[in-house]
Amino acid sequence: MTSDNAAGERNGAQNRPSGQTARSRETAEPWHTLAVADVARRLGTDVTRGLSAAEVSRRYAEHGPNALADIKGRSSLSIFVHQFRSLIVGLLVAASGVALVLGEHIEAVAILIVIVLNATIGFLTEWKAEQALVGLRNQTVPVAHVVRDGAEDEIPAAELVPGDLAVLAAGARVPADGRIVENVRLQVEEAALTGESLAVSKTNDPLPDRDTPLGDRVNMVHMGTAVTDGRAKFIVTATGIGTEMGQIGTLIEEAGTRGTPLEEKLAQLGRVLLLIVPGLCAIIALAGWLRGNSFLYMLEIAISLAIAAVPEGLPAVATMTLALGMQRMARRHALIRRLPAVETLGSTTVICTDKTGTLTRNEMTVRVVQLGARRVEVTGTGYTPTGEFRVESQRIDVSADDSLRLALRIGALCNDARVDRADGASTILGDPTEGALIVVAEKAGLTRDVLEHEFPREGEIPFTSETRRMVTMHQTPVGTKVSYVKGSPGTLLATSGAEVGPGGVVPLTEESRKRWETLNGELAGGALRVLGVAYRDLPKGYHADD
């Protein structure tokens, strides 16, 4: 089956100022290189009881709330004023004023209408984008589970302080940066920070290299990332803007802006008009006066020519064109903060990126189910349970295909993920790959709730990097027991003695093993993530504890 992109010191040590620990990150050893006891000692906390209430109050007063600094978005006034910063618009304002002085009221009003229309369109378009960006500015967590004075409690995440002992469970978001002190099968999805779509398996052990990249610090957790599996406790090492997420916010805030090619071209046109038009008008006025025309008459003609030379419609046409482009991109869920940036994106032909996970939606979808020599293709994308099963482009009836239903049932039951479809949106609580297995079973009419009722789980052997497989034990509807397995195809081939063929269960010969290895290579070579599934009927009287 394949898918693609589918014990530390007591609180007596807490009298030491915690600010010495949080602010010494640059000079002291990084948190990921320290043993758990050393982290607890350095932060003056206890890995079993956490901080005392008095110490929490003192540290909160010192460090402040665990919140990201608000991104200073542009005010409505600054957005509106920005619409008049073009040199072309300045020339139009000057031309309108001159026309008004000369008594050309209709022309003056017409120019002013163009200026106001241009500014209004630009303001409304950029203001909507700014409001959307403000709504997406951070990924803070509303609540956190902590251990304080030996008791577990739920508190607002903003009240976390360095040294707190926090608790994580599957489906939760990490409320602050911290060093893991205890974990059971903890896996964290860190795409928001690293761009990697795969969940990272965590550990308690210190890492030897102080320069370990952020994505490889497997004994650390970071604010805003999501727990997909397992549970853990960690000591908070940084809060608020001191977290990795907070550092990103700071970099964004400090980033400067520069003009787009369109803005530079319009500014260049404005400079040319400002230099050439007055000169030409002066030459025309002088030539007419030398030929005997009244000086005031020629001056009026020169001013009229200068007004006519300014392209009144250019700003409005450019703004409306960019606004249409911005609206089209918004319909495709792309937000543009400044209107002229649409032109820059429209000129882009190649985007270079180092990791596919940075640009994908972090969703997994089952594309192919390989059953012996038969390849079943699956349609549909994302976590919506709609799609068809096809063999050689012909739709098949899954209800009459026992082998396919068996494979889908194993994938759905040997699984710890959950699909939440609240408010019409599909969200995976757990590993995205496991979520894809649940969804593909739903496409065949095999819902998780019904399967778990028919095949209740009685035990499991969790996935580890050593075994590279997950095993669950179930009771069947007829009273027997069966174990379901999913994991690395190579691992399952090495431990299997039979396969399910068109005629039922047959021995797994050496030739069959080579064929499966070849198929595995072909699927992996097609940029698919490959999983194997297997089962075993358990003997009568077998217990999960055996």
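In this report, we go over the structure that sits alongside the text. (Residues numbered from 1 in each chain as written. Predicted model: local features only at pLDDT ≥ 70, side-chain atom pairs only at ≥ 80, totals over all residues. Heavy atoms only, no water.)

As for a nonpolar patch on the surface
Then step 1. A cluster of nonpolar residues, L286, W289, L290, F295, L296 and L299, forms a patch on the protein surface that exposes about 670 Å² of accessible area.
Then step 2. On the secondary structure map, L299 appears in helix α10 (residues 295-309).
Then step 3. Residue classification places L299 among the partly exposed positions, given a relative accessible area of 38%. (Patch = residues over 30% accessible without salt bridge, like charges linked within 9 Å, V, L, I, M, F, W, Y side chains within 5 Å. Areas by Shrake-Rupley, 256 points an atom, 1.4 Å probe, with all protein chains shown as cover. Salt bridge = Lys/Arg side-chain N within 4 Å of Asp/Glu carboxyl O. Helix = DSSP H or I, 4+ residues; strand = E, 2+ residues; numbered from the N terminus. Buried < 20%, exposed > 50% of the residue type's maximum accessible area, 1.4 Å probe, protein only.)

Side note on helix α17 (residues 510-525)
Then step 1. With 16 residues, α17 ought to run about 22 Å at 1.5 Å a step, and its terminal C-alpha atoms sit 23 Å apart, in line with that.
Then step 2. Taken residue by residue, α17 has S512, W516, L519 and L523 as its buried positions. Relative to the axis of α17, the buried residues are bounded by an arc of 60° and lie together on one face. For α17, the exposed residues set more than 90 degrees away from the buried face come down to E510, E511, K514, E517 and G525.
Then step 3. Just past α17, the residue A527 takes up positive phi, approximately 65°. (Expected span 1.5 Å × (residues − 1). Arc of directions from axis to C-beta.)

Things to note about the sheet that holds strand β21 (residues 532-538)
Then step 1. On the basis of which strands lie adjacent, the open sheet formed by four strands has the order β15-β16-β17-β21 and antiparallel pairing. Each edge of the open sheet carries a strand with a single partner, namely β15 (457-461) and β21. Strand-to-strand twist across the sheet, computed as the mean angle between neighbouring axes with direction ignored, equals 20°.
Then step 2. In this sheet, strand β16 (residues 469-475) lies alongside β15 in antiparallel orientation, the contact comprising four bridges. By the bridge assignment for β16, E460 is matched with T472.
Then step 3. Packing against the sheet, helix α13 (residues 402-413) makes contact with β15, β16, β17 (481-487) and β21, and its axis sits at approximately 90° to β21. (Pairing = 2+ DSSP bridges. Axes fitted to C-alpha atoms, helices over the stretch in contact; angles between N-to-C directions. Contact = heavy atoms within 4.5 Å.)

Here's the deal with the pattern of salt bridges
Then step 1. The final tally for this structure, using the stated rule, is 20 salt bridges.
Then step 2. For the salt bridge of D416 with R457, the shortest nitrogen-to-oxygen distance reads 2.9 Å. Taken together, the residues D416 in the loop between α13 and β13 (418-420) and R457 in strand β15 connect sequence positions 41 residues apart.
Then step 3. Of the charged contacts in the structure, one is a salt bridge between K486 and E434, with a shortest N-O distance of 2.7 Å. Here K486, found in strand β17, pairs with E434, found in helix α14 (residues 432-443); they are 52 residues apart in sequence, far enough to count as distant.
Then step 4. Overall, the relative accessible area of 8% leaves K486 in the buried class.
Then step 5. Bridged by salt links that share partners, the residues R185, D229, D416, R457 and E460 form one connected network.

Focus on the nonpolar core
Then step 1. Counting residues in hydrophobic clusters, the biggest one holds 32 residues, and the most contacted among them are V366, V369, V376, F389, L404, L408 and Y484.
Then step 2. Among the secondary structure elements, those contributing two or more residues to this core are β9 (365-371), β10 (374-378), β11 (389-391), α13, α14 and β17.
Then step 3. Grouped together as the second largest cluster of nonpolar side chains are 17 residues, A144, A157, V188 and V236 included. (Core = buried A, V, L, I, M, F, W, Y, C linked by side-chain atoms within 4.5 Å.)

Here's the deal with helix α2 (residues 36-43)
Then step 1. V36, V39, A40, R42 and L43 are the residues of α2 that are buried. Viewed end-on, α2 has its buried residues packed into an arc of 165°, placing them on one side of the element.
Then step 2. Directly beyond the C-terminal end of α2, a positive phi value near 60° is found at G44.

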